[in-house]
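Residues per chain are reported as follows:
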Amino acid sequence: METTNQQPEMEMTPEQLAEQKEKMLEFYRESMPYLRAQLDYEEMLLKIDEVRFKRTNIQYQFAMMANPPQEEDDQEETSEPTKSEGRKLKRG
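About the cut-offs
- Starting from 1, residues in each chain are numbered consecutively following that chain's sequence as written.
- Only residues with pLDDT of at least 70 are given local features in this predicted model, and only at 80 or more are side-chain atom pairs given and counted; all residues enter the totals for whole chains, interfaces and linings.
- With hydrogens and water excluded, all non-hydrogen atoms of the structure serve as input to the side-chain values.
- Here a strand is any run of E in DSSP of at least two residues, a helix any run of H or I of at least four, and the numbering for each starts at the N terminus.
- Expected helix span is computed as 1.5 Å times (number of residues minus one).
- Bend, in this description, refers to the angle at a residue between axes fitted to the seven residues ending there and the seven starting there.
- Two distance rules govern patches: like charges are joined within 9 Å, and nonpolar side chains (Val, Leu, Ile, Met, Phe, Trp, Tyr) within 5 Å, applied only to residues with over 30% relative accessible area and no salt bridge.
- Surface exposure here means Shrake-Rupley accessible area, sampled with a 1.4 Å probe, where a residue is shielded only by the protein chains that are shown.
- Here, a salt bridge means any side-chain nitrogen of Lys or Arg that lies within 4 Å of a carboxyl oxygen of Asp or Glu.
- Exposure categories follow from relative accessible area, calculated using a 1.4 Å probe and restricted to protein chains: below 20% of the type maximum is buried, above 50% is exposed, and the middle band is partly exposed.

### Here we look at helix H1 (residues 14-66)
Piece 1. An ideal rise of 1.5 Å per residue puts 78 Å on 53 residues; H1 measures up with 75 Å between its terminal C-alpha atoms.
Piece 2. The principal kink in H1, of about 40°, is found at Met32, preceding the proline Pro33 by one to four residues.

### Details of a nonpolar patch on the surface
Piece 1. On the surface, Tyr41, Met44, Leu45 and Ile48 cluster together to form a nonpolar patch covering roughly 390 Å² of accessible area.
Piece 2. Within the element layout of this structure, Ile48 appears in helix H1.
Piece 3. With a relative accessible area of 35%, Ile48 lands in the partly exposed category.

### A short note on the pattern of salt bridges
Piece 1. Under the criterion given, the structure shown has two salt bridges.
Piece 2. Glu19 is the salt-bridge partner of Lys23, the closest N and O atoms lying 3.7 Å from each other. With Lys23 and Glu19 both in helix H1, this residue pair falls four residues apart, about one helical turn.
Piece 3. With a shortest N-O distance of 4.0 Å, Arg29 and Glu22 are connected by a salt bridge.
Piece 4. Glu22 gets classed as partly exposed once you look at its relative accessible area, which sits at 45%.

Distances and angles like these do not, on their own, reveal function.
Next up, the structure:
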């Protein structure tokens, strides 16, 4: 046997429906200060994140200007064996 959590449909009179609507409206009105505070909080977090991103981006650009990436020619020169690796000579 299956059990369901369905409650029998209850038909409301127009007066009960109006009372229910008024209760819902009052709930929303009472919740508004909390929602406004949450909105202010979220907006402040957004501003903080934007400022952090801008600051990090500026720091990155400054670092790139101070130490620009090497050109390909510089990389080819460094890929040759160094003296410590040395060349092996054949004994004859």
